2 protein chains.
Amino acid sequence: MTQKEFRASAHELVDWMADYLEGVERYPVKSAAAPREIIRKLPATPPDTGEAFDDIFRDFREIVVPGMTHWQHPSFFAYFPANSSPPSVLAEMLMATLGAQCMSWATSPAAAELEERMMEWLRGMIGLPDSFTGVIHDTASTATLSAILSARERRTEFLINERGFSPEMRFTLYCSTETHSSIEKAVKIAGLGKAHLRKLPVDDRYALIPRALEDAVDRDRRRGYTPLCVIATLGTTGSTAIDPLRAIGEICRKHQLWLHVDAAFAGSALILPELRWMMDGIEYADSFVFNPHKWLLTNFDCTAYYVQDVGTLVRTFEISPEYLKTSEREQVNNYRDWGIQLGRRFRALKLWFVIRSYGVQGLQTRLREQIAMAQGLADAIPQSNDFELLAPVPLSLVCFRYHPPGVDGQAQLDNLNAMLMEQLNRSGKMYLSHTKLRGQFVLRMAIAQTNVQQHHVDEAWALIQNTARALMQQTARSLEGA
Amino acid sequence: MTQKEFRASAHELVDWMADYLEGVERYPVKSAAAPREIIRKLPATPPDTGEAFDDIFRDFREIVVPGMTHWQHPSFFAYFPANSSPPSVLAEMLMATLGAQCMSWATSPAAAELEERMMEWLRGMIGLPDSFTGVIHDTASTATLSAILSARERRTEFLINERGFSPEMRFTLYCSTETHSSIEKAVKIAGLGKAHLRKLPVDDRYALIPRALEDAVDRDRRRGYTPLCVIATLGTTGSTAIDPLRAIGEICRKHQLWLHVDAAFAGSALILPELRWMMDGIEYADSFVFNPHKWLLTNFDCTAYYVQDVGTLVRTFEISPEYLKTSEREQVNNYRDWGIQLGRRFRALKLWFVIRSYGVQGLQTRLREQIAMAQGLADAIPQSNDFELLAPVPLSLVCFRYHPPGVDGQAQLDNLNAMLMEQLNRSGKMYLSHTKLRGQFVLRMAIAQTNVQQHHVDEAWALIQNTARALMQQTARSLEGA
């Protein structure tokens, strides 16, 4: 592809991209593709000679796009969103063009220094104390793993890094039953053993019970374990429960436990002063993570990871082979030593574009609108006589289920709601996901997609009710017929 | 930013992008920015209200671009390249627009199935046996960590994942002194202890000596260790040495050691049948990694990780919380369980665009040309009377130093070459990096950037000679003057 062809093709793509983003609502949110439907359309072997870009781009539109689930569709209510925005896409275009690998300061000084500044901006925006220092990771999975490794190394004075585990190193870690699966994955990777991760009970708001934490720590100490680390969550994946940070932090302080705060989704909402109550006690945290790629309009991947003690973080990961030594290393941040991967993309650029394009107030307005939509739905649900809210709605995730009068068996309700979800998602008009809370099948509707507006929520709620009632009538008829 | 503004700005960006790529040679390769020069130009706090995109884009051009080291400059000879290409940039534009998070099949069926097919294409292209199955990781760092974790778990029947280390689990791992730093990092993360990584001596071609491996394994067994894993390298970072796979593989087979092959840079060269001798014995490998983002014209990040036993890989990482369960999970690949991160970008798209745009032959031609350029330089160096080649050149990395007649002290030569590198890089006309081989300071010139042509190499070699000789005259004069 010549430079001239690149220019022409890129312009052509821009028009498709703008059309796509303008018209994304025309697509079914969740792909209707059947398993292996797409791969069968892809040749088993690569071409020997180059193909024209027009053919490749046609196949993209005809094979790939229909097989995609459209995360930027405003009626994407599943999981947590992976929000993008126009300025973020523009930044990704420039990042791809520069093609810089930002492992160390010397390999891209502007990237390293912009990253430092963006982490300061975000810290201020979410009200994190100045004692925290930030670095961009790809995902919360790696940030949480970094936190657990730092906890392990600080406690052992970097001995596990050096010599591996000794028999006396019997560590325990603590989180709630509602904590994200990445915690368990990190505990396994770090060699600490899943059996030593205590999943503590939650209260009726699905938040960790501090008393249960204190009891578990005491019990483990008596049994000869060394309690190491607590993972508290602001905004659990299941229901956005908020663990009580201050009470947990005091226990951590007392027992010298590393406190890692997973605010992957909820962290972005801390740009709203009225929600800062969630972070009361944050000064006790050793590390804190949130994902601008979830709810701050910044393309996946972009995770902000903050620590109180950069020295421990760097000492956990530092490697210094000759070919990476540069003359500036005393004065600058070489972020390769702040995480797992050596290679790094220039992710700070998209934060810069997004924050400047919207301004702090613009971002605040967007989030407040979405939270209000969720609160509206949370108010509407109990007013219907056949739906029920199943968890508090502190942010913009609504957990509920269809519960028609007269249907009370749990298996029946679970099946009914699973069928309801399947039908809703198959409609292409909306996409939601599920979880289990207290063993019950629960529908999760996250109202947080960049472009969601009130009418999308209204239409979804109408569709949910209509689909559920039709499903119930159908079920009743088929029971009568049986 | 409205959709209309996005369209207009994106078109404007495309023209800048095309101009940048056409004119990248006008920039100094390595940024001349001084530490903290860029951050001082960035406001300490974010704007309250949104700014016009024109202002943001102007700052990008005026603050960021001069602070970048230009990885896509054809005279970027440092480290290993992070190659991009026009079709790869186009793919990144579409990836950013779709904004899909490809953790599981259901969240993006086309991404999962395209990834499966691309891994098959690449496997065929590099001549890896069909018994290998591939997955895209972000970097070789995480792929290597995955390999070491899989080795750990297979050997312990997944007991460390479950219960952590037991006192009898005293594992040792093996690599050469020339192995990449990410191996040591992975060993530390996995809790195995850096002290248990045996860095074995290399031969005069900087390749691992199989006999030293066998001796080390025997010695460790006698001392009560359990040898676990060998990391062999095709194309070491220092000098692209090729470890002898077959001999190493036979030892691994005999002692039931996991064999991980790190071909991060050299793997792309396996698309050339005449270089397949490097992988003789590959059937002994349990896992294999290479980076299309280094030498296969695909934007960073994109790592291809292959394993013989997918079951072990998935069992090492699998987590299955309720909110991730989907109905198709038996028939499809949910790649979130094939690595460390839950969230995943749609990286397969760029491989598809690149391979189809160039065709296998187009990629082969590009690599052959670059290898020929490197061989040409490797022939020229010994013909000069004041430079010497310091390692074999099996691929396209040339290791050499300036060694003028009469200067023989190692400290003197090291200093002279460090000064030479500094001057060359400061010129902005080329960028190379260094390593140490047998304790000696060595200049590394990787001739592998997407757009490098013979005249860039010729100009670089002329500049190197002229700069070196001028430096020597200057040094001589200042000694005379002293």
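Definitions and cut-offs
Residues numbered from 1 in each chain as written. Chains lettered and ligands numbered in written order. Predicted model: local features only at pLDDT ≥ 70, side-chain atom pairs only at ≥ 80, totals over all residues. Helix = DSSP H or I, 4+ residues; strand = E, 2+ residues; numbered from the N terminus. Rg over C-alpha atoms; globule rule 2.2 N^0.38 Å. Buried ≥ 20, exposed ≤ 12 C-beta atoms within 10 Å, placed from the backbone. Contact = placed C-beta atoms within 7 Å. Pairing = 2+ DSSP bridges. Axes fitted to C-alpha atoms, helices over the stretch in contact; angles between N-to-C directions. Right-handed = clockwise from strand over helix to strand, strands pointing away. Least-squares fit on C-alpha atoms with pLDDT ≥ 70 in both. Arc of directions from axis to C-beta. pLDDT = per-residue confidence, 0-100. Parallel < 35°, antiparallel > 145°, perpendicular 65-115°, else oblique. Left-handed = near helix turned anticlockwise from the far one by under 90°. Nonpolar A, V, L, I, M, F, W, Y, C, P; charged D, E, K, R; others polar. Core = buried A, V, L, I, M, F, W, Y, C linked by C-beta atoms within 7 Å. Domains from an automatic or database assignment. Expected span 1.5 Å × (residues − 1).

Caption draft 1: The overall build of chain A, seen in detail. The helix and strand tally for chain A stands at 14 helices and 11 strands. By the compact-globule yardstick of 23 Å for 482 residues, chain A fits well, its C-alpha radius of gyration being 24 Å. Along the longest, intermediate and shortest principal axes, the C-alpha atoms of chain A span 75 × 70 × 45 Å. By residue count, 60% of the 482 residues in chain A fall in the buried class. Of all intrachain contacts in chain A linking residues separated by at least 6 positions in sequence, the fraction that spans at least 24 positions is 75%.

Caption draft 2: Highlighting the sheet that holds strand β5 (residues 258-262) of chain B. All names here are of chain B. Strands sit in the order β1-β7-β6-β5-β4-β2-β3 across an open sheet of seven strands; the sheet is mixed. In the strand order of this sheet, the two ends are held by β1 (133-137) and β3 (197-200), each with one partner. Strand-to-strand, the axes of this sheet are offset by a mean angle of 20°, without reference to chain direction. Where β5 and strand β6 (residues 287-290) come together, three bridges link them in parallel fashion. Opposite D262, over in β6, you have V289 as the bridge partner. Taken strand by strand, helix α5 (residues 140-155) contacts β1, β4 (226-233), β5, β6 and β7 (303-307), and its axis lies near 175° from that of β5. Packed on one face of the sheet, helix α9 (residues 245-255) meets β4 and β5 and runs near 165° to β4.

Caption draft 3: Spatial organisation of the pairing of strand β2 (residues 171-176) of chain B. Residue and element names in this part refer to chain B. Of all the six residues making up β2, six are buried; the element is thus mostly covered by neighbouring parts of the structure. Across the two faces of β2 the burial is the same, with F171, L173 and C175 and T172, Y174 and S176 all buried. In this sheet, β4 lies alongside β2 in parallel orientation, the contact comprising four bridges. Residue pairing across strands places L173 opposite C229, the latter belonging to β4. Both β2 and β3 contribute to a ladder of four bridges, which runs parallel. The residue bridging C175 from the neighbouring strand is K199, located in β3. Handedness of the crossover is the feature at issue here: the chain leaves β2, passes through helix α7 (residues 181-189), returns alongside β3, and the resulting connection is right-handed.

Caption draft 4: Broad picture of unusual backbone geometry. Going from F300 of chain A to D301 of chain A, the amide bond is cis rather than trans, its omega being 5°. With respect to the helices and strands, the residue D301 of chain A is situated in the loop between α10 (292-295) and β7 (303-307). One non-glycine residue, L297 of chain A, lies in the positive phi region at around 65°. Its location among the elements puts L297 of chain A in the loop between α10 and β7. Accessibility expressed as a C-beta count within 10 Å gives 28 for L297 of chain A, which makes it buried. At Y206 of chain B, a residue that is not glycine, the phi angle is positive and equals roughly 65°.

Caption draft 5: Structural context of the relation of the copies chain A and chain B. By a simple turn and slide, chain A fits onto chain B: the slide is 0.0 Å along the axis, the RMSD is 0.0 Å, and the turn is 180°. These values place the two chain copies in the arrangement generated by a two-fold rotation axis. Mapped onto chain B, 100% of the interface residues of chain A are again interface residues, and the two copies thus contact each other with one and the same surface.

Caption draft 6: Representation of helix α2 (residues 53-64) of chain B. All of the buried residues in α2 of chain B are F53, I56, F60, I63 and V64 of chain B. End-on, the buried residues of α2 of chain B take up no more than an arc of 120°, which puts them together on one face. In this structure, α2 of chain B carries D54, D55, R58, R61 and E62 of chain B as exposed residues pointing more than 90 degrees from its buried face. Structurally, α2 of chain B contributes buried residues whose contacts are with α3 (86-98), α4 (109-126) and α12 (348-383) of chain A together with α1 (3-23) of chain B.

Caption draft 7: How the structure looks around the environment of G224 of chain A. For G224 of chain A, the location among the structural elements is in the loop between α8 (210-222) and β4 (226-233). In this structure the C-alpha to C-alpha distance between G224 of chain A and F171 of chain A, which are 53 residues apart in sequence, comes to 9.3 Å.

Caption draft 8: Geometry of the confidence of the model for chain A. For chain A, per-residue confidence averages 96 on the pLDDT scale, and residues scoring 70 or more make up 97% of the total. Across the interfaces of the predicted complex, the ipTM metric reaches 0.96, alongside a pTM of 0.97.

Caption draft 9: Expanded view of the packing of helix α5 (residues 140-155) of chain A against helix α7 (residues 181-189) of chain A. Residues and elements named next belong to chain A. Relative orientation of the contacting elements α5 and α7 amounts to 50°, with a least axis distance of 9 Å. Considering their axes alone, α5 and α7 lie oblique with respect to each other. Helix-helix and strand crossings are classified by hand; for α5 and α7 the assignment is right-handed. Each of A140, S141, T144, L145 and I148 in α5 lies in contact with α7, whose residues at this interface are S182, I183, K185, A186, V187 and I189. Its residues placed into classes, the contact of α5 with α7 shows seven nonpolar, three polar and one charged.

Caption draft 10: Geometry of the pairing of strand β9 (residues 397-402) of chain B. Residues and elements named next belong to chain B. Burial analysis of β9 places six of its six residues in the buried class, the great majority of the element. Of the two faces of β9, the one carrying L397, C399 and R401 and the one carrying V398, F400 and Y402 are both buried. Alignment of strand β8 (residues 387-389) against β9, held across three bridges, turns out to be antiparallel. Bridging from a neighbouring strand, L389 pairs with F400 of β9. For β9 and strand β11 (residues 440-446), the ladder comprises four bridges, and the chain directions are antiparallel. Among the inter-strand pairings, F400 is bridged to a residue of β11, identified as L443.

Caption draft 11: Highlighting the interface of chain A and chain B. Chain A puts 124 residues into the contact, and the matching count from chain B is 124 residues. Element by element, the count of residues in the side of chain A that touches chain B is highest for helix α1 (residues 3-23) of chain A, at 13 residues. Here the residues of the side of chain A that touches chain B sort into 60 nonpolar, 40 polar and 24 charged.

Caption draft 12: How the structure looks around the sheet that holds strand β6 (residues 287-290) of chain A. All names here are of chain A. The seven strands are arranged β1-β7-β6-β5-β4-β2-β3 in an open sheet whose pairing can be described as mixed. The sheet is open, and its two borders are formed by β1 (133-137) and β3 (197-200), each paired with just one other strand. The average angle at which neighbouring strand axes cross in this sheet is 20°, direction not considered. Against the sheet, α5 touches β1, β4, β5 (258-262), β6 and β7, its axis set at about 175° to β5.

Caption draft 13: Examining the nonpolar core more closely. I447 of chain A together with I447 of chain B are the most contacted members of the largest nonpolar core, which totals 353 residues. Both of domain 1 (3-84) and domain 2 (100-346) of chain B provide at least three residues apiece to this core. Here I447 of chain B is in contact with F77, Q370, M373, A374, L377, S396, V398, V452 and V457 of chain B, once residues within four sequence places are set aside.

Caption draft 14: Just helix α8 (residues 210-222) of chain B, in detail. Taking 1.5 Å per residue as the helical rise, α8 of chain B with its 13 residues ought to reach 18 Å, and the 19 Å between its terminal C-alpha atoms agrees with that figure. Phi turns positive one or two residues past the end of α8 of chain B, at G224 of chain B, with a value near 90°.

Caption draft 15: Summary view of the packing of helix α4 (residues 109-126) of chain B against helix α12 (residues 348-383) of chain B. Residue and element names in this part refer to chain B. It is the contact of α4 with α12, at a shortest axis distance of 9 Å, that shows an interaxial angle of 40°. What the angle tells us is that α4 and α12 run oblique. The crossing of α4 and α12 is left-handed. For the pair formed by α4 and α12, the contact residues are A111, L114, E115, M118, W121 and M125 on the first element and A348, L349, L351, W352, I355 and V360 on the second. Its residues placed into classes, the contact of α4 with α12 shows 11 nonpolar, no polar and one charged.

Caption draft 16: Just the environment of T107 of chain B, in detail. The topology assignment puts T107 of chain B in the loop between α3 (86-98) and α4. Its 28 C-beta neighbours within 10 Å are what place T107 of chain B among the buried residues. Spatially, the C-alpha atoms of T107 of chain B and A266 of chain B are 33 Å apart, while their sequence positions differ by 159 residues. Other than its neighbours up to four places away in sequence, T107 of chain B contacts T69 of chain A together with Q101 and C102 of chain B.

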